[in-house]
Amino acid sequence: MAIINLTWDAPSTDNGGGEADSYTVYRNGVVINTASSTGSTDDVPEGSYIYTVTATNAAGEGPHSNSSSVTVPA
């Protein structure tokens, strides 16, 4: 098992709904966490993972971030 520390920057522009209220973290396309700040952790076994994040505000959920890949060795 490994703990993956994820951090990201808040969006520099909004979609008309103001600043982000929350962030949704995805691992391999599946929601794993909703965060109120720009960081999260994930406890995973060995394997390869792809993470993305979306920001949500009053106008709804924004687009996915660029992806980050992580490989946890055996």
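Summary of the structure given here.

Criteria and cut-off values
- Just so you know, the residues in each chain are numbered from 1, in the order the chain's sequence is written.
- In view of the model being predicted, local features appear only for residues whose pLDDT reaches at least 70, and side-chain atom pairs are presented and counted only at 80 or more, with totals across whole chains, interfaces and linings using the full set of residues.
- Think of the side-chain values as coming from all heavy atoms in the structure, minus any hydrogens and water.
- Put simply, DSSP marks the helices as runs of H or I at least four residues long and the strands as runs of E at least two long, and each gets a number from the N terminus on.
- Only protein chains enter the accessibility calculation, which uses a 1.4 Å probe; a residue whose area is less than 20% of its type maximum is buried, one above 50% is exposed, and one in between is partly exposed.
- Two residues form a contact once any of their heavy atoms are found within 4.5 Å.
- Here the Shrake-Rupley method, with its probe set to 1.4 Å, supplies the accessible areas, and only the displayed protein chains count as covering residues.
- Any pair of nitrogen or oxygen atoms within 3.5 Å is treated as a polar contact; in protein, a donor-acceptor pairing is required on top of that, and neighbouring residues in sequence qualify only through side-chain atoms on both sides.
- Any Lys or Arg side-chain nitrogen located within 4 Å of an Asp or Glu carboxyl oxygen qualifies as a salt bridge.
- Working definition of a nonpolar core: buried Ala, Val, Leu, Ile, Met, Phe, Trp, Tyr and Cys residues. They are joined through side-chain atoms within 4.5 Å.

A count of helices and strands for the protein chain gives 0 helices and 7 strands. The principal-axis extents of the C-alpha atoms in the protein chain amount to approximately 45 × 20 × 15 Å. Per-residue burial over the protein chain gives 30% buried out of 74 residues. Expressed as a percentage of contacts within the protein chain between residues at least 6 apart in sequence, the contacts between residues at least 24 apart total 57%. In the form shown here, the protein chain has an accessible surface area of approximately 4,700 Å², with 48% of it arising from carbon and sulfur atoms.

Let us look at the side chain of Ser-40. Tracing the chain through its elements places Ser-40 in strand β4 (residues 39-44). There is a polar contact of 2.7 Å between the side chain of Ser-40 and the side chain of Asn-33. Ser-40 has contacts with Ile-4, Asn-5, Leu-6, Trp-8, Val-25 and Asn-33, leaving out every residue within four places of it along the chain.

Its location among the elements puts Tyr-23 in strand β2 (residues 22-27). Taking relative accessible area as the criterion, Tyr-23 reaches 6% and is therefore assigned buried. Put simply, Tyr-23 and Tyr-51 are 28 residues apart on the chain and 13 Å apart in space, counted from C-alpha to C-alpha.

Even without glycine at this site, Asn-28 takes up a positive phi of about 50°. Accessibility expressed as a relative area gives 44% for Asn-28, which makes it partly exposed.

Time to look at the pattern of salt bridges. Following the criterion strictly, the structure yields 1 salt bridge and no others. Across the pair Arg-27 and Asp-42 runs a salt bridge whose closest N-O atoms are separated by 2.7 Å. Pair noted here: Arg-27 is in strand β2 and Asp-42 is in strand β4, with a separation of 15 residues, a long-range link.

Judged by nonpolar contacts, the single largest core of 13 residues is most densely connected at Ile-4, Leu-6, Trp-8, Val-25, Val-44, Tyr-51 and Val-72. Listing elements by their share of this core, those giving two or more residues are β1 (2-7), β2 and β5 (47-57). Counting residues per element, this core draws most heavily on β5, at 4 residues. If near-sequence neighbours (up to four positions away) are discounted, Tyr-51 is found in contact with Ile-4, Leu-6, Val-25, Tyr-26, Arg-27, Ile-32, Asp-42, Val-44, Asn-66, Ser-67, Ser-68 and Val-70.

All quantities given are derived from atomic positions and should not be read as evidence of function.
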